[in-house]
Amino acid sequence: MRRRQYGDRKIGGLQLIWYGWLTFLWLGLLLLWVPWNTGGRGVLFAEAAEQKISVDLIHQTEGYSAVLYDNTNGLPTSEANAIAETSEGFIWIGSYAGLIRYDGNTFERLDSTGGISSVKCLYVDSKDRLWIGTNDNGVAVMERGKIRMWGKLDGMKSSHTRAIIEDQEGMIYVATTCGIATIDTQYHLRMMEEEAISEANMRDLRMGADGIIYGQTNFGDILRIQNGKLLQYHPISENPLCGASLFPDPSAPGKVYFEGTDYKFYHAVMSDTLTDLEPIDIQPLTFIQKVEYIDNKLWICASNGIGVLEDGKFHLLENLPMTDSVGGVMVDYLGNLWFTSTRQGVMKIVPNQFADLFGRYHLPPSVVNTTCMSEDQLFVGTDEGLLVFDEKGPVKRMPLKKAETASGKPLGSKDLIKLLKECRIRSIILDSQGRVWISTWRMIGLLCYDHGSVVAYSEQEGLLSWSLRAVAEQADGSMLVAVTGGLNVIRDGRVAESYSEAEGISNTESLCVEEGWNGDMLLGSNGDGLYIINDVGVRNLNVEDGLPSDIVMRLKRDPKRDLIWMVTSSAIAYMTPDYQVTTVKKFPYTNNFDLFENSSGDMWVLSSNGIYVTSTEEMLANQEIRTVYYSIANGLPCITTANSYSALTPEGDLYIAGGTGVCKVNIEQPFENVEALKAVVPYVEADDKRIYPGPDGGFTIPEETQKLTVPSFVFNYALSDPQVNYQLEGLEKRSMTVNRSEMVPIDYTNLRGGTYYYVMKLKDAMGKSSKEVSVKIVKEKAFYEQLWFYLIVGVVLLVVIVVIVRFYVGRKTRTLEKKQKETMAL
């Protein structure tokens, strides 16, 4: 929905005079400063072509996400022929369904009534004009919202366009199925008449580093063009291997890459013929559709996948959702990669701090209850057993030197993974001695894995039950064990103490355990709050004592603040050493499972619908809480398992136990940087008529405008959703704040003539980065708002007042004179 504003502010005449003079002076200075020549966009595009890619698909196995768009998730079609980006930030997609514009949030199919109904190719020239090659209606150019088209009636021999390119003089070349058309800077079209190519069925045109345009016909003939003239033409008979997908080497003028008729890939010298053929093994790729040079790498798009040639070495890109009929690739202004497929739609590859470990190693989805990092090995506890990862991936065996119960009974297995097969593992905890404690649920009991040896504790060794939840270490090295039945303490290799219903624990379904202050033992229950156990006895805290809920799922020490955080079923709270409980009342979500703080004081809260990140100090202040929210839409591969245990390393790597696998994220690295984002108002609408900016970047709207519509865009193609604060200064006293995904065009009505500034402020929710963009909007003044009008009105009013005063004085004078005469007559 659009938000409507009414500009009914009253401004006095004197104030208008001052505004008018100040505006005139400001505009005069601005015109002296702003250059009128807006050329040179070619330099900007050259810089963009050299931009570094935001992810390393060759050397990284994580840190990025590949998102496929088709007709199931926003793209109006499931096929794409071409893709391009214009300088303001829009991404344009050409398909048989027409021309589609994408702003990072919405795919918009443009009206096809103007003739652009089936798009074959796209090209952005040095003037930032978008050239559109259609499948059956010629070629078009879009500039400032206006479209101009050329077809057979304008001199083209064919309306089927295959490729578009611009030379160094600004001449546009259009490859069709029947020759090559040129369009000069004055928009004059002519067909190249050289006999060899006058009716050639063209496949592609590419610009070489030597300024020569290299072309290829659909049959494999090769040609070179410069300054609108044919330099050379080589029929396929002279180059029997040429085949398809010719691409001039940008780093070596005179050399080309191509796929031969033998379906091999070659690097060769092109003079009068192809010589010095160097075969390059790109198997298994075949039927190359497009080759591009991006970030000093050769990107190869083929019918069966994508490959990269870097420093002469070929890399096949695997584990990507797009594998069929890949037809093109480009990089956007943020360094993200985009691919098109005539069968699968559009794929973008963007940075993602969340890594899917199960997806990386092709493991089937599984419920993960716990993770634990020990000596560069990640222990993962699932409902079906134990997984262990090293730097190469899952290990098959974990040999055991010894495996027995605490009472000395052999466990009958020499491999830890095999021993825990089909066991439901609830938690895995690392103690200060480097031992790994594995709590199983009604299976083997509690295992202590100590560098290749295992000791098991069960009911036979004194545990209250086989149903184990979690383990926590005390300062003296003893282990607190939360079980269904109460609490056990393991000290010196044996079960030394037990606390159950007999000791005052009325609800023995334990969920978590932690050491309190002065050696106290804290036990969280499933329905009776918190038990504080010490030498004095057992004390119970529940909702009557200030707990937000009687279900306590997690207790976590905060040594920096001398607090203990509590995660309950309905809220987050914290306790002080005197066991006073404070509930964090304004946290935006209730069903939370765990929390972790980074070195910057940001708290990461794992919940049933994603991750919330906020300032720990804001949580303690217990007032308004700002959060950054991450979900599946933001690249999170899985949601945290309820009441699970996740591992945090000293380096900040958090291994989240999820409902379908393990998610890795580094909580020390900043996620959002809005300073790099483009925020623009590309045009405004005055009574639904589109107006584009002038040379100074501002807008001027007519005096008769009743409704001004401001469509603003923040072009963010990554996985984040920053906040946008916007305001029309000069009208609105307060700004509005929305997430970028919620932005819509804004309507303003009844604006008075004058100068306004539409201001957008971008910021991440944590306040770590920001950006401000201001756009000037001038509404021409109506005649009744002009200074001369006020002067005339003032003069007229003055004359009227003088006339009225004279009339009044004259009347009074006549009345007095009449009375005076009457008095004298008496």
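Residues numbered from 1 in each chain as written. Predicted model: local features only at pLDDT ≥ 70, side-chain atom pairs only at ≥ 80, totals over all residues. Heavy atoms only, no water.

### Remarks on the overall build of the chain
- Counting secondary structure elements, the chain contains six helices and 69 strands.
- Computed over its C-alpha atoms, the radius of gyration of the chain comes to 37 Å, more than 25% above the 28 Å expected for a compact globule of 826 residues.
- Each of the three principal axes of the chain carries a C-alpha extent, and together these read 125 × 120 × 40 Å.
- Residues classed as buried in the chain amount to 52% of the 826 residues present.
- Long-range contacts, defined here as pairs at least 24 residues apart, represent 50% of the contacts in the chain between residues at least 6 apart.
- Distance from the positive charge centre (79 side chains) to the negative charge centre (103 side chains) of the chain: 9 Å. (Helix = DSSP H or I, 4+ residues; strand = E, 2+ residues; numbered from the N terminus. Rg over C-alpha atoms; globule rule 2.2 N^0.38 Å. Buried < 20%, exposed > 50% of the residue type's maximum accessible area, 1.4 Å probe, protein only. Contact = heavy atoms within 4.5 Å. Lys, Arg positive; Asp, Glu negative; His and termini not counted. Charge placed at Lys NZ, Arg CZ, Asp CG, Glu CD.)

### Re a nonpolar patch on the surface
- On the surface, F783, Y784, W788, I792, V796, V800 and I804 cluster together into a nonpolar patch covering about 700 Å² of accessible area.
- Looking at where V800 falls in the secondary structure, it is placed in helix α6 (residues 787-825).
- In this structure V800 comes out as partly exposed when scored by relative accessible area, which is 39%. (Patch = residues over 30% accessible without salt bridge, like charges linked within 9 Å, V, L, I, M, F, W, Y side chains within 5 Å. Areas by Shrake-Rupley, 256 points an atom, 1.4 Å probe, with all protein chains shown as cover. Salt bridge = Lys/Arg side-chain N within 4 Å of Asp/Glu carboxyl O.)

### A few points about the pattern of salt bridges
- By the definition in use, this model includes 25 salt bridges.
- Between K586 and E624 there is a salt bridge, with its nearest N and O atoms 3.1 Å apart. Linking K586 in the loop between β51 (581-583) and β52 (592-597) with E624 in the loop between α5 (616-621) and β55 (627-630), this pair joins segments that are 38 residues apart in sequence.
- For K586, a relative accessible area of 43% corresponds to the partly exposed category.
- Among the charged side chains, a network of salt bridges with common partners joins D558, K560, R561, E597 and E617.

### Re the state of the cysteines
- Overall, the coordinates contain zero disulfides when judged by the stated rule.
- A disulfide-free cysteine, C121 has its sulfur positioned 16 Å from the sulfur of C301, the nearest such atom.
- Summary of cysteine pairing: C638 is not part of a disulfide, and the nearest cysteine sulfur, belonging to C663, is at 5.3 Å.
- Under the relative-accessibility criterion, C638 is labelled buried at 5%. (Disulfide = S-S within 2.5 Å.)

### A short note on the side chain of T161
- For T161, the location among the structural elements is in strand β11 (residues 161-166).
- Apart from residues no more than four positions distant in its own chain, T161 is found in contact with K120, C121, G133, T134, G138, V139, M156, V174, A175 and T176.

### A word on the pairing of strand β53 (residues 602-607)
- Within β53, six of the six residues are buried, which leaves the element mostly enclosed by the surrounding structure.
- Relative to β53, β52 runs antiparallel, the two sharing five bridges. Of the residues in β53, the one forming a bridge with F596 is W604.
- Counting the residues between successive antiparallel strands, the hairpin from β53 to strand β54 (residues 610-615) contains two residues. (Pairing = 2+ DSSP bridges.)

### So, unusual backbone geometry
- Following Q283, the chain continues to P284 via a peptide bond in cis, the omega torsion being 10°.
- Even without glycine at this site, Y263 takes up a positive phi of about 65°.
- Mapped onto the elements, Y263 comes out in the loop between β20 (255-259) and β21 (265-270).
- Positive phi values are uncommon outside glycine, yet N518 reaches one of about 60°.
- Inspection of the secondary structure assignment puts N518 in the loop between β44 (510-515) and β45 (521-525).

### Here's the deal with the sheet that holds strand β32 (residues 377-382)
- Spatial strand order, β31-β32-β33-β34: four strands in an open sheet with antiparallel pairing. The outermost strands of the open sheet, each flanked by one partner alone, are β31 (368-374) and β34 (393-394).
- Strand direction decides the pairing type here: strand β33 (residues 386-390) and β34, joined by two bridges, are antiparallel. Among the inter-strand pairings, D390 is bridged to a residue of β34, identified as G393.

### So, the confidence of the model for the chain
- Counting all residues, the mean pLDDT for the chain is 89, and 93% of those residues have values of 70 or more.
- Under a pLDDT of 50 for its full length, residues 1-49 has, in the predicted model, 64 contacts with residues more than four places off or in other chains. (pLDDT = per-residue confidence, 0-100.)

### Looking at the packing of aromatic side chains
- Within the structure shown, the criterion is met by 29 aromatic pairs.
- Clustering of aromatic rings is evident, with ring pairs tying together Y69, Y102, F107, W338 and Y717.
- Its end group placed over the ring of W517, R557 keeps NZ or CZ at 5.7 Å from the ring centre.
- Seen from the ring of Y333, K678 lies directly overhead, with NZ or CZ sitting 4.8 Å from the centre. (Phe/Tyr/Trp six-rings, centres within 6.5 Å; stacked < 30°, edge-to-face > 60°. Lys NZ or Arg CZ within 6 Å of the ring centre and 35° of its normal.)

### Overview of the sheet that holds strand β41 (residues 479-483)
- The antiparallel open sheet is built from four strands, whose spatial order is β40-β41-β42-β43. The open sheet terminates on both sides in strands that have one partner only, identified here as β40 (468-473) and β43 (494-499). Ignoring which end each strand starts from, the neighbouring axes of this sheet average 25° apart.
- Relative to β43, strand β42 (residues 486-491) runs antiparallel, the two being bridged by five bridges. The residue of β43 that forms the bridge with I490 is V495. (Axes fitted to C-alpha atoms, helices over the stretch in contact; angles between N-to-C directions.)

### Observations regarding the environment of Y266
- As for its placement among the helices and strands, Y266 is situated in strand β21.
- Sequence-distant contacts of Y266, defined by excluding residues within four places in its chain, comprise L241, V256, Y257, F258, G260, L277, E278 and P279.
- Side-chain polar atoms of Y266 contact the side chain of D262, separated by 2.5 Å. (Polar contact = N/O pair within 3.5 Å; in protein donor to acceptor, adjacent residues only side chain to side chain.)

### Some words on the pairing of strand β49 (residues 563-568)
- In terms of burial, β49 is a largely internal element, six of the six residues being buried.
- Of the two faces of β49, the one carrying L563, W565 and V567 and the one carrying I564, M566 and T568 are both buried.
- Where strand β48 (residues 552-558) lies against β49, six bridges are found, and the strand directions are antiparallel. Bridged to R554 within β49 is V567.
- Counted along the chain from β48 to the antiparallel partner β49, the turn is four residues long, and its residue D562 has a positive phi close to 55°.
- Where β49 meets strand β50 (residues 572-575), four bridges bridge the pair, whose relative direction is antiparallel.

### Focus on a negative patch on the surface
- A cluster of acidic residues, E375, D376, E391 and E651, forms a negative patch on the protein surface.
- Position of D376 among the secondary structure elements: in the loop between β31 and β32.

### As for a positive patch on the surface
- Taken together, the side chains of R811, K812, R814 and K819 define a basic patch exposed on the protein surface.
- When you line up the elements, R814 lands in helix α6.

### Remarks on the environment of T177
- Along the polypeptide, T177 turns up in the loop between β12 (172-176) and β13 (179-183).
- Overall, T177 belongs to the partly exposed group, its relative accessible area being 23%.
- A C-alpha to C-alpha distance of 26 Å links T177 and K146, two positions 31 residues apart in sequence.
- Apart from the residues within four sequence positions on either side, T177 is in contact with S158, H160, R162, E199, A200, N201 and M202.

### A few points about the side chain of R740
- Within the secondary structure layout, R740 lies in the loop between β66 (736-739) and β67 (746-749).
- One buried charged residue, R740, forms no salt bridge at all, with the nearest opposite charge on D721 at 4.1 Å.
- A polar side-chain atom of R740 sits 2.9 Å from the main-chain carbonyl oxygen of G104.
- When neighbours within four sequence positions are excluded, R740 is seen to be in contact with D103, G104, N105, V714, N716, S720, D721, P722 and V724.

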